[in-house]
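Architecture and fold: a report
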Amino acid sequence: MHPVCSPAGTHRSPPQERRCRSIRQPWRWFGFRLLTHLPLLFGCPAFLDCAHAFCPPRSASRQTAQRASERIDGGRCIDNPASGTCAMHPRSTPFIMLGTLLTAAGYGATFLISLWFRAHGGTDIDAGSTLGMALIGTLIGVPAVGWSAGRIDAARLAALGAFTLACGYALLASLRGLEPAHLPGLAALLIGLGWGMFYLGAPLALSERLTDSARGTAFTRFSAFQMTGICGSPILLALAVTHGGFPLSTAFIGVAVGGLVASLLLAVFALREPRCPREGALRPWVRSIATLGRSAAIRPIVMAGFGGAVFSGMMAFQGSLSEGTRASATTFFAVHAGTAVIARLLLARLLPTWSRTPLISCLLGCLIAGLACLLWVPVHPAFQIAAAVLTGAGYGLLYPVIQTWAVHGARQEDRHAALTWFVVAYFIGIFGFPPFGGWLLVTAGKAVFIWALVALAALELAVAVLKRRT
């Protein structure tokens, strides 16, 4: 039940809505103060967003209650009666954001799979082939969520995905070598299956509970927490392995525990924010590609595939690219993540207001320049820092922009299919490129591999600026 709606649809008084400062619940007041002062200590605006989402200020609560009183319809809060979009209470936001953070950490840990194979006598080709099994998992998980989201709440499917990902890492942590040969692939299959279910289920759950005006900002903040988990996880795990002396198996156990906690948080979110009543049938989305192909949504869908390939190439093989130089893969992850997260949080409200084509062209220009800087990393480690900043700003801001474009570029009845195809294209790039990229890196060398990434980013730019003939 929504906090500002009673069973009969009567509006609760504003004092009841402003319970954060109530003396009967002092822990809420203390939590709000703690989270709002942490940014002053650590300089991270993510804590401030989380604090205001957990316990909004008085003025925000009053405005929320006032808006809610205008959206009462049969005991439910409706933002858009035509589409059935429900209003999501801000206090539920931390559950899906923190669940996203921990689940994304599971995907970020895949960047260490190459290190795991080298530690057990394997090569980047073996790592790429195993990550190819993760592609099969995602191509099972994404369609499963796409078809069943009409009957089952997408938030529950995302929780199931986080649990499946945790099972994959638990299996990988239990292995003591590359034998039996099928078990690393099975673990990668479970990881890909879980990540695919979450990656589509979580944005769907968020999109179904937001209006068009709020979706762009929410997606940007959602992607900020996601990027923090993706890039922060390999940093912490690498530090634990190199400086803490922990084996990779222990690090993977920690990832599995985080996935279980994420599954619980997402399940709580689903219980706190039940979605509006919708159709109980399966949602067909495969045939919608014909309609999407004639709409503006097809361009960001194609761009998602190219961008996913670039991102997986520069992240999954960063350890190999840094090998033999004075640069460190951990430094690249840290600077890339910090740049992407800070840029997304600071510009979350501004990105939807800027002209799309010039913005995308500028961001892809930054991404291409950052990839080119990787060619000069053997000369000086400063080029790696420049590459991390440029790729973090370029790709970090680009993804939420084209994700929002894919949703808004489709008709209302095709938005579910657009988001599903967007995720499918992304995962084809994310897990489909490493088998080819690992082979290219081993056989042709680092320079050819980096130029291949530049070429993919240039193709993405061409799709962005290409004008459809009328």
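In case you missed it, the structure is sitting above this.
Okay, so let's go over this structure. Here the residue index of a chain counts from 1 through its sequence in written order. In keeping with the model being predicted, local features are shown solely for residues with a pLDDT of at least 70 and side-chain atom pairs are shown and tallied solely at 80 or more, while totals for entire chains, interfaces and linings include all residues. For the side-chain quantities, the full set of heavy atoms in the structure was used; hydrogens and water were omitted.

Time to look at the overall build of the chain. Assigned secondary structure in the chain consists of 19 helices and three strands. The classification of residues rests on relative accessible area computed with a 1.4 Å probe and restricted to protein chains. Under 20% of the type maximum is buried, over 50% is exposed, and intermediate values are partly exposed. Within the chain, the proportion of its 470 residues that are buried is 55%. Any two residues having at least one pair of non-hydrogen atoms within 4.5 Å are treated as being in contact. Sequence-distant contacts in the chain: of pairs separated by 6 or more residues, those separated by 24 or more amount to 81%. Carbon and sulfur atoms form 67% of the exposed surface of the chain, whose accessible area is close to 19300 Å². Strands are runs of DSSP state E lasting at least two residues, helices are runs of H or I lasting at least four, and both sets are numbered from the N terminus onward. Computed with a 1.4 Å probe, the accessible areas rest on the Shrake-Rupley method; for each residue, only the protein chains presented here act as cover.

To continue, consider the nonpolar core. For our purposes a nonpolar core is just a set of buried Ala, Val, Leu, Ile, Met, Phe, Trp, Tyr and Cys residues, chained together by side-chain atoms within 4.5 Å. Ranked by internal contacts, the top residues of the largest apolar core, which has 128 residues, are W195 and F311. Of the residues forming this core, the biggest block, 14 residues, is contributed by helix α18 (residues 415-444). Excluding residues within four positions of it along the chain, F311 makes contact with Y107, F111, M227, I230, H336, Y395, Y426 and I430.

Glancing now at a nonpolar patch on the surface. Without a salt bridge and with relative accessible area above 30%, a residue can belong to a patch; like charges are then joined within 9 Å and nonpolar side chains (Val, Leu, Ile, Met, Phe, Trp, Tyr) within 5 Å. Only one rule defines a salt bridge in this text: a Lys or Arg side-chain nitrogen within 4 Å of an Asp or Glu carboxyl oxygen. On the surface, I125, F436, W439 and V442 cluster together into a nonpolar patch covering about 370 Å² of accessible area. For I125, a relative accessible area of 32% gives the class partly exposed.

Attention now goes to helix α15 (residues 329-346). Working rule for helices: expected span equals 1.5 Å times residues minus one. With 18 residues, α15 extends 26 Å from end C-alpha to end C-alpha; this agrees with the ideal 26 Å at 1.5 Å per step. Inspection of α15 places A329, F332, F333, H336, A337, T339, A340, V341, A343, R344 and L345 among the buried residues, and these make up the whole buried set. Where α15 begins, the side chain of S328 points an oxygen toward the backbone nitrogen of T330, at a separation of 3.3 Å. Residues adjacent in sequence count toward polar contacts only when both atoms are side-chain atoms; beyond that, a polar contact is any pair of N or O atoms within 3.5 Å, and within protein one must be able to donate a hydrogen and the other to accept it.

Another aspect to go through is the packing of α15 against helix α17 (residues 382-408). Viewed as axis vectors pointing N to C, α15 and α17 meet at an angle of 40°, and their least axial separation amounts to 8 Å. One finds that α15 runs oblique with respect to α17. The two elements α15 and α17 cross, and the hand of that crossing is right-handed. Residues belonging to the contact of α15 with α17 are distributed by class as follows: 14 nonpolar, seven polar and one charged. Only the stretch in contact is used when a helix axis is fitted, and all axes are lines through C-alpha atoms; the angle between N-to-C directions ranges over 0 to 180 degrees. When an angle is under 35 degrees it counts as roughly parallel; over 145 it counts as roughly antiparallel; between 65 and 115 it counts as roughly perpendicular; any other value is oblique. By convention, the crossing between two helices is left-handed when the near helix turns anticlockwise from the far helix through less than a right angle, and right-handed when the turn is clockwise. In the scheme used here, Gly and all other residues not listed as nonpolar or charged are polar, with Ala, Val, Leu, Ile, Met, Phe, Trp, Tyr, Cys and Pro taken as nonpolar and Asp, Glu, Lys and Arg as charged.

Whether two aromatic rings pair depends on their centres lying within 6.5 Å, for rings of Phe, Tyr and Trp, where Trp uses its six-membered ring; planes under 30 degrees apart make the pair stacked, over 60 edge-to-face, and the rest tilted. For the coordinates displayed, the defined rule picks out 24 aromatic pairs. Each ring, one from F332 and one from F333, has its centre 6.5 Å from the other, and the planes form 70°; the classification is edge-to-face. Centroid distance Y395 to Y399: 6.3 Å. Interplanar angle 40°. Geometry classified as tilted. Of this pair, Y395 and Y399 are both found in helix α17, four residues apart, which corresponds to roughly one turn of the helix. There is no split in this pair, since Y395 and Y399 are both buried.

A few words now on helix α13 (residues 298-316). The terminal C-alpha atoms of α13, which comprises 19 residues, lie 27 Å apart, in line with the 27 Å expected from a rise of 1.5 Å per residue. Among the 19 residues of α13, 16 are classified as buried, and the element is accordingly described as predominantly covered.

Attention shifts here to the environment of A406. Structurally, A406 can be placed in helix α17. For A406, a relative accessible area of 0% translates into the label buried. Along the chain, A406 and A304 lie 102 residues apart, while their C-alpha atoms are 9.6 Å from each other. Setting aside chain neighbours within four positions, we find A406 in contact with A297, P300, A418 and F422.

With that settled, consider empty space enclosed by the protein. Both cavities and pockets are sets of points on a 1 Å grid over the protein atoms alone; in a cavity a 1.4 Å probe fits but cannot get out, in a pocket the set is open with protein on both sides within 12 Å along at least five of seven lines, and lining residues sit with an atom within 4 Å of a point. Grid points are joined across faces, edges and corners, and a volume is the space filled by probe spheres set on the points. A full pass over the atoms with the stated rule returns four cavities of 30 Å³ or more. Taken as a whole, the largest cavity spans an internal volume of roughly 60 Å³. Forming the boundary of the largest cavity are Y199, S223, Q226, M227, I230, F311, R344, Y395, Y399 and Y426. Those elements that place two or more of their residues in the lining of the largest cavity are α10 (212-242) and α17.

This paragraph deals with the pattern of salt bridges. Tallied over the full model, the rule gives two salt bridges. Residue E413 pairs with R411 through a salt bridge whose shortest N-O separation is 3.4 Å. Judged by relative accessible area, E413 falls into the exposed class, the value being 55%. R411 sits in the partly exposed class, given a relative accessible area of 46%. One salt bridge in this structure joins R411 and D414, with 2.9 Å as the shortest N-O distance. Of the residues examined, D414 reaches a relative accessible area of 7% and is grouped as buried. Each of R411, E413 and D414 takes part in a single network of salt bridges with overlapping partners.

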